[in-house]
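# Commentary on secondary and tertiary structure
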Number of protein chains: 2
Amino acid sequence: MKKLMNNPTDMLNEALAGIAMAHADLLHVDFDHRFIRRADGPISGKVALVSGGGSGHEPLHGGYVGMGMLDAACAGEMFTSPTPDQMEAATKAVNGGAGVLHIVKNYTGDVMNFEMAAELCQMEGISVETVIMNDDVAVEDSLYTAGRRGVGTTVLAEKLCGAVAEQGADLQTVAELCRQINAQGRSMGMALTSCTVPAVGKPTFELGSDEMEIGIGIHGEPGRRRMKLASAHEIVTMMSEPILSDLPFKSGDQVIALVNGMGGTPLIELYLIYNELQQICKGHGLTIARQLIGNYITSLDMAGCSITLLKVDAAMLQLWDAPVHTPALRWRV
Amino acid sequence: MKKLMNNPTDMLNEALAGIAMAHADLLHVDFDHRFIRRADGPISGKVALVSGGGSGHEPLHGGYVGMGMLDAACAGEMFTSPTPDQMEAATKAVNGGAGVLHIVKNYTGDVMNFEMAAELCQMEGISVETVIMNDDVAVEDSLYTAGRRGVGTTVLAEKLCGAVAEQGADLQTVAELCRQINAQGRSMGMALTSCTVPAVGKPTFELGSDEMEIGIGIHGEPGRRRMKLASAHEIVTMMSEPILSDLPFKSGDQVIALVNGMGGTPLIELYLIYNELQQICKGHGLTIARQLIGNYITSLDMAGCSITLLKVDAAMLQLWDAPVHTPALRWRV
């Protein structure tokens, strides 16, 4: 295992320290409870958005904290759920009196712990809504998940729900939008190589030097099939056809497309993947109205990519274009 | 070799096609001459900035084309200089009558070809200034370079010079700023793994499973020394001390810091590296006034990182904060 680190035990804290110093104008890091929150919060009267999960998926979620996206993100150890007390502390820290939305990727530990945290906060009079993201079409049930896993659509949900919360929407409205986004988003991933969890010290799984795995999870959970390395065209076809048929997406639909790198894949390959995806979408009559291409929900040092398509309407596109200022996403039209 | 591609021959064109479609609002891609230019150019009366080089370093340079940065970027084959006719076509396409600055990383092919292109353009009455970037303190002379190599400071130069050009500065002023930035910026890189050039099909060099190389070039050119993998603290010390002593940076200096991933290194490790760098800078009395942490000048799929420090004054910081809208850097304060 070769990592840029001092030792596995300190890795998360040291990375959080780096984040805290690099983005001191935007973020505060609570090292006791290991969460990152907006420096300008809590914002009175605004619905607050809290997410979180195991670390190793950066910039998810800490990189999405800031104006127009999340109010706080809880950081678990690598590929390990944060604890309920982290989530409770984050929720209390960002509550501005208008309630808090928990955006939770569907992994058993995350779901259980966010549920417990929500109950603790509700007992203290904070309104909490929870939306479970489960957009990965690759497999039903998985190593850490009952049902489908939550992946790339989560990034898009955090952007869109963050925008509507910024505009003053109430908790029910923000939660309803998040459920709609989850219902209209579909994803699938693939790996060329395994990731290596620092504390484990060896690859999570083994892939031959001419093999790939289609439908991989972001923790290296098994996908649909392991097979010989195929061309980018074949890979994108294998990932996008199940996505397109699942919703199903229909001719005339507008989508936001996310071509996501798993952490060890260079940008030039992701643009090449986008080229393939764009042609397939066009062939199905879909218009890619907006796109993100880069490392947005990663799996440590895994080489590979994932594709997310989210069916959108004009209102969602307006929310997409709304100002955002976080470490990983930043724009103002 | 495992890459997300169809075949090595088409890789660059297909990635350019992806870029063209993803950023059609910002960029035009000239596939005949393989350059990317601002969709809203040429801009009459504005000094135009042109850079370029071998592909495989994305987002450099194509990702930096747009308002407030480059007017055009020429894309050579992987790790191969663009040709003079590409540079000539790009220069003519973006010339708005106020002259064109060529920002050239110091690699022999790039320097020769940009020089030839500049002469061709000057013969047709276009004023061209050239600045050679050579900020890499690792080695004197190299596989493709006489003198020092040009690396991370180039990214910062493109941002700052793009900003001053946007404000209406004349060609001499923009070129002079670029020379000053090159004079005040220093970089060094390191690798945990080799990159693999698609057309070659095997790693550029071999590193043992417990080895790293300090002072690596962005094409895998040899660095200062190959040694056993060290801690992040030791690695950052080995990279930053030669940087700090070379300028030399002095107590009280303000800097822009770039912690750059080589393409195969996850963001969490880069934040950990930034944490180390920040402490070392603090120990030397340096203030990191601004920072970039991520993949900005890469080496295909190489795992590793580089550090760049640029000494800045208040005027440079204002240029840094000025609006920018490119695929890879985007903000408006």
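Residues numbered from 1 in each chain as written. Chains lettered and ligands numbered in written order. Predicted model: local features only at pLDDT ≥ 70, side-chain atom pairs only at ≥ 80, totals over all residues. Heavy atoms only, no water.

Below, the discussion takes up the state of the cysteines. Residue and element names in this part refer to chain B. Evaluated as defined, the whole model comprises zero disulfides over all chains. For Cys-178, which is in no disulfide, the shortest distance to another cysteine sulfur is to Cys-161 and amounts to 3.9 Å. Here Cys-178 falls in the buried class, since its relative accessible area comes to 0%. Take Cys-195: it sits in no disulfide, and the sulfur closest to it among the cysteines is that of Cys-305, at 15 Å. (Disulfide = S-S within 2.5 Å. Buried < 20%, exposed > 50% of the residue type's maximum accessible area, 1.4 Å probe, protein only.)

So, about the packing of helix α2 (residues 84-94) of chain A against helix α3 (residues 108-123) of chain A. All names here are of chain A. Between α2 and α3, the least distance of the axes is 8 Å, while the angle of their chain directions is 45 degrees. By the angle between their directions, the pair α2 and α3 is classed as oblique. The chirality of how α2 crosses α3 is right-handed. Contact residues: Pro-84, Met-87, Glu-88 and Thr-91 in α2; Asp-110, Asn-113, Phe-114, Met-116, Ala-117, Leu-120 and Cys-121 in α3. Across the contact of α2 with α3, the residue classes break down as seven nonpolar, two polar and two charged. (Axes fitted to C-alpha atoms, helices over the stretch in contact; angles between N-to-C directions. Helix = DSSP H or I, 4+ residues; strand = E, 2+ residues; numbered from the N terminus. Parallel < 35°, antiparallel > 145°, perpendicular 65-115°, else oblique. Left-handed = near helix turned anticlockwise from the far one by under 90°. Contact = heavy atoms within 4.5 Å. Nonpolar A, V, L, I, M, F, W, Y, C, P; charged D, E, K, R; others polar.)

All names here are of chain A. One open sheet accounts for six strands, arranged β1-β2-β4-β3-β5-β6; its pairing is mixed. Single-partner strands in this sheet number two, and they are β1 (27-30) and β6 (128-133). Going from strand to strand, the sheet's axes swing by 20 degrees on average, the running direction of each strand aside. In the sheet, strand β3 (residues 48-55) pairs with strand β5 (residues 100-105) via three bridges, with the strands oriented parallel. (Pairing = 2+ DSSP bridges.)

In terms of residue burial, α2 of chain A counts as a mostly covered element, since eight of its 11 residues are buried. The elements touched by buried residues of α2 of chain A are β2 (35-38), β3, β4 (72-78), β5, α3 and β6 of chain A.

This brings us to the interface of chain A and chain B. Across the contact, 58 residues belong to chain A and 58 residues belong to chain B. Interface area lost by chain A to chain B is led by Lys-2, Leu-4 and Ile-268 of chain A, which between them contribute 19%. Inspection of the chain A/chain B interface yields zero salt bridges. Listing elements by their share of the side of chain A that touches chain B, those giving two or more residues are α1 (11-22), α6 (232-246), α7 (267-283), β11 (287-294), β12 (304-312) and β14 (330-331) of chain A. The element contributing the most residues to the side of chain A that touches chain B is α7 of chain A, with 10 residues. (Buried area = accessible area lost by both parts, 1.4 Å probe. Salt bridge = Lys/Arg side-chain N within 4 Å of Asp/Glu carboxyl O.)

Before going further, it helps to spend a moment on the pairing of β11 of chain A. Residues and elements named next belong to chain A. As defined by bridge partners, strand β10 (residues 254-261) adjoins β11 across seven bridges and the pair is classed as parallel. Residue pairing for β11: Ile-256 is matched across the bridge by Arg-290. Assessed by its sense of winding, the connection that carries the chain from β10 through α7 to β11 is right-handed. (Right-handed = clockwise from strand over helix to strand, strands pointing away.)

Time to look at the pairing of β12 of chain A. Residue and element names in this part refer to chain A. Burial runs high along β12: eight of the nine residues are buried. Bridge analysis of strand β7 (residues 185-191) against β12 gives seven bridges, and the strand direction is antiparallel. Its bridge partner being in β12, Met-190 is matched across the sheet by Cys-305. Where β10 and β12 come together, eight bridges link them in antiparallel fashion. Bridge pairing in β12 places Asn-260 opposite Ser-306.

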